[in-house]
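Structural description and commentary
The chain contents come next:
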Amino acid sequence: QVRLVESGGGLVPPGGSLRLSCAASGFTFNNYAIGWFRQAPGKEREGVSCISSSGGSTNYADSVKGRFTISRDNAKNTVYLQMNSLKPEDTAVYYCARAYYGDCLTYSAYVWAYWGQGTQVTVSP
């Protein structure tokens, strides 16, 4: 059975940093792209970042470019999202998801086969 489990969320002041982890199991990890999404109160879920199956290519939403970094350790079946210079508008539940294939092409919902339960990130003084 496919499992995606996020961790690392919490409360951080503006300008601070957090590192989220997505631990995966139940599938051949290095065959699939992994994405990070977030959903803030009253807003729709949005794509944040994606990394290809090999880690050779990445993608970032304009709102997080230069501040967030996605990476993966295929030996540990884990994807990370390093979040720096956090802003209050980054407050959201963050989810990781597995694509149907190995490349990062779109954040459209039809591409993403499995989802984690989410981890809360709150940016506040």
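Residues numbered from 1 in each chain as written. Predicted model: local features only at pLDDT ≥ 70, side-chain atom pairs only at ≥ 80, totals over all residues. Heavy atoms only, no water.

1. A look at the nonpolar core
In this structure, Trp36, Phe68, Val79, Leu81, Met83 and Tyr94 are the most contacted members of the largest nonpolar core, which totals 28 residues. Listed by contribution, the elements that provide at least two residues to this core are β3 (18–25), β4 (34–39), β5 (46–51), β7 (68–73), β8 (78–83), β9 (92–99) and β11 (119–123). Here the element with the most residues in this core is β3; it accounts for four residues. Setting aside residues up to four positions removed in sequence, Phe68 forms contacts with Arg38, Val48, Tyr60, Leu81, Gln82, Met83, Asn84, Leu86, Asp90 and Tyr94. Ala33, Cys50, Ala99 and Trp112 belong to the second-largest nonpolar core, a separate cluster that totals seven residues. (Core = buried A, V, L, I, M, F, W, Y, C linked by side-chain atoms within 4.5 Å. Buried < 20%, exposed > 50% of the residue type's maximum accessible area, 1.4 Å probe, protein only. Helix = DSSP H or I, 4+ residues; strand = E, 2+ residues; numbered from the N terminus. Contact = heavy atoms within 4.5 Å.)

2. Here's the deal with the state of the cysteines
Per the counting criterion, the structure on display carries two disulfides. The side chain of Cys22 participates in a disulfide bridge whose partner is Cys96; the two sulfur atoms lie 2.1 Å from each other. Since a negative S-S torsion denotes a left-handed disulfide, the Cys22-Cys96 link at about 70° is right-handed. Within this pair, whereas Cys22 is found in strand β3, its partner Cys96 is found in strand β9, the two being separated by 74 residues in sequence. The pair Cys22 / Cys96 is uniform in exposure class, with both members buried. What pairs with Cys50 in a disulfide is Cys104, and their sulfur atoms sit 2.0 Å apart. Between Cys50 and Cys104, the S-S torsion sits near -80°, and that sign places the bridge as left-handed. With Cys50 in strand β5 and Cys104 in the loop between β9 and β10 (112–115), this pair connects stretches of sequence that are 54 residues apart. Since its relative accessible area comes to 2%, Cys50 is described here as buried. Accessibility expressed as a relative area gives 22% for Cys104, which makes it partly exposed. Disulfides within the chain link the bonded cysteines, taken in sequence order, as 1-3, 2-4. (Disulfide = S-S within 2.5 Å.)

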